[in-house]
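Read off the chains here:
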Amino acid sequence: MTEKVKFTWNGKEIEAPKGSNLLKAALDNGIEVAHYCYHAGLSIAGVCRMCMVEQDGVPRPFPSCNATCGEGMVVKSDTPKIKEAVEATLQFHLLNHPLDCPVCDQAGECGLQDYYMKYGVYDSQMVDKKVHKDKVQDIGKNVMLDAERCILCSRCTRFTSEVTKTHEMGILNRGDHAEIMVNETLKNDYAQNLVDICPVGALTSKDFRFKQRVWFLEEVKTTCIGCETGCSVKVSENKNGAFRVKPVYDHDVNGHWMCDDGRSIYKHVSSPTR
């Protein structure tokens, strides 16, 4: 049996497996922690620096995604120092971000929007011109890339390296010229998972682009009928029909992911010939 440890986060007592990921323990216990690069289905990168915390007895703040749970820890993410750190980091992420929320498909479910309203609402200190990068890039497999919106969380590069092992994506250049590059057209059968895990609007689905605003949709959990696997999924729909299918985490069936073919099952349901 896995040994459990108890510790506190913002005064709330948490029990988690000893040595497990500190950020995951908080999220699993309903504690909201700002983060971009962390994803439970991928390796730890620790590059976005949003999930900073303080711990009693430790002299400096540190990213919780890169720490493990230990007995008796006292962790805090609601102190003035941490809030100031998160705001400064968020402002860094937004330095070169384009102001195209009105036309971005991610609007309404965007981590940048959500965290700006909670931690930001600041007067920008940006005095230099924004760095412009390529927009509306067709990178294959029903996925579009807008390099200007990317915050380099590296979720997509880790996905193609660790999950599909097809290595189509990487980060090239340095500093504010660093950007996601595709060294060949996406060829794997799970490419649209990249759209799901992108926390901003850098990767979008050709199939869903400009069809609906997410706040006009309701999500219904169901089972994919595309094959005998029976992945757990959610269908986004309203009175005008169904518009997309996304995976729901299921440890015993599909984990965090689903195939691209399964995402098209909604088209049968919404077919005008039915």
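Further up the page is the structure itself.
Everything numeric here is computed off the predicted structure, so don't read it as measured data.

Caption draft 1: Molecular detail of the overall build of the protein. Looking only at helices and strands, the protein features six helices and 13 strands. For the protein, the C-alpha radius of gyration of 20 Å lies close to 19 Å, the compact-globule estimate for 274 residues. Viewed in the frame of its principal axes, the protein has a C-alpha envelope of about 65 × 55 × 35 Å. A buried classification covers 49% of the 274 residues belonging to the protein. Across the protein, every contact between residues at least 6 apart in sequence was considered, and the portion connecting residues at least 24 apart equals 57%. Distance between charge centres in the protein, computed from 34 positive and 37 negative side chains, equals 1 Å.

Caption draft 2: Looking closely at a negative patch on the surface. Taken together, the side chains of Glu-3, Glu-13, Glu-15 and Glu-71 define an acidic patch exposed on the protein surface. Mapping Glu-13 onto the fold places it in strand β2 (residues 12-17). Since its relative accessible area comes to 56%, Glu-13 is described here as exposed.

Caption draft 3: Local environment of helix α2 (residues 80-93). Between its terminal C-alpha atoms α2 stretches 20 Å, which fits the 20 Å expected from 14 residues at 1.5 Å a residue. For α2, the complete set of buried residues consists of Ile-82, Val-86, Thr-89, Leu-90, Gln-91 and His-93. Against β3 (52-55), β5 (74-76) and α3 (111-119) lie the buried residues of α2.

Caption draft 4: Representation of the nonpolar core in the model. Within the largest apolar cluster, 34 residues are counted, with the highest numbers of intra-cluster contacts made by Tyr-36, Met-50, Leu-112, Met-169, Leu-194 and Leu-203. At the level of secondary structure, the elements contributing two or more residues to this core comprise α2, α3, β7 (143-145), α4 (155-163) and α5 (193-197). Setting aside its immediate chain neighbours within four residues, Tyr-36 contacts Cys-48, Met-50, Leu-90, His-93, Gly-111, Leu-112, Tyr-115, Ile-151, Cys-153, Arg-155 and Pro-199. By size, the runner-up hydrophobic cluster in this structure holds 20 residues, among which are Trp-9, Leu-22, Tyr-38 and Phe-62.

Caption draft 5: Highlighting the side chain of Thr-166. The topology assignment puts Thr-166 in the loop between α4 and β8 (169-172). Only 2.7 Å separates the side chain of Thr-166 from the side chain of Thr-164, close enough to count as a polar contact. Setting aside its immediate chain neighbours within four residues, Thr-166 contacts Thr-160, Glu-184, Lys-187 and Asn-188.

Caption draft 6: How the structure looks around the pattern of salt bridges. Counted according to the given criterion, the structure contains 17 salt bridges. The salt bridge involving Glu-54 is made with Lys-81; its shortest N-O contact spans 3.7 Å. On the criterion of sequence distance, the pair formed by Glu-54 in strand β3 and Lys-81 in helix α2 is long-range, its members being 27 residues apart. Measuring nitrogen to oxygen at the nearest pair gives 3.3 Å for the salt bridge that ties Lys-135 to Asp-100. On the criterion of sequence distance, the pair formed by Lys-135 in the loop between α3 and β6 (137-138) and Asp-100 in the loop between α2 and α3 is long-range, its members being 35 residues apart. A relative accessible area of 36% means that Lys-135 is categorised as partly exposed.

Each value, and the rule that gives it
- Residues numbered from 1 in each chain as written.
- Predicted model: local features only at pLDDT ≥ 70, side-chain atom pairs only at ≥ 80, totals over all residues.
- Heavy atoms only, no water.
- Helix = DSSP H or I, 4+ residues; strand = E, 2+ residues; numbered from the N terminus.
- Rg over C-alpha atoms; globule rule 2.2 N^0.38 Å.
- Buried < 20%, exposed > 50% of the residue type's maximum accessible area, 1.4 Å probe, protein only.
- Contact = heavy atoms within 4.5 Å.
- Lys, Arg positive; Asp, Glu negative; His and termini not counted.
- Charge placed at Lys NZ, Arg CZ, Asp CG, Glu CD.
- Patch = residues over 30% accessible without salt bridge, like charges linked within 9 Å, V, L, I, M, F, W, Y side chains within 5 Å.
- Areas by Shrake-Rupley, 256 points an atom, 1.4 Å probe, with all protein chains shown as cover.
- Salt bridge = Lys/Arg side-chain N within 4 Å of Asp/Glu carboxyl O.
- Expected span 1.5 Å × (residues − 1).
- Core = buried A, V, L, I, M, F, W, Y, C linked by side-chain atoms within 4.5 Å.
- Polar contact = N/O pair within 3.5 Å; in protein donor to acceptor, adjacent residues only side chain to side chain.

It is worth stressing that arrangement in space is one thing and function is another; only the former is reported here.
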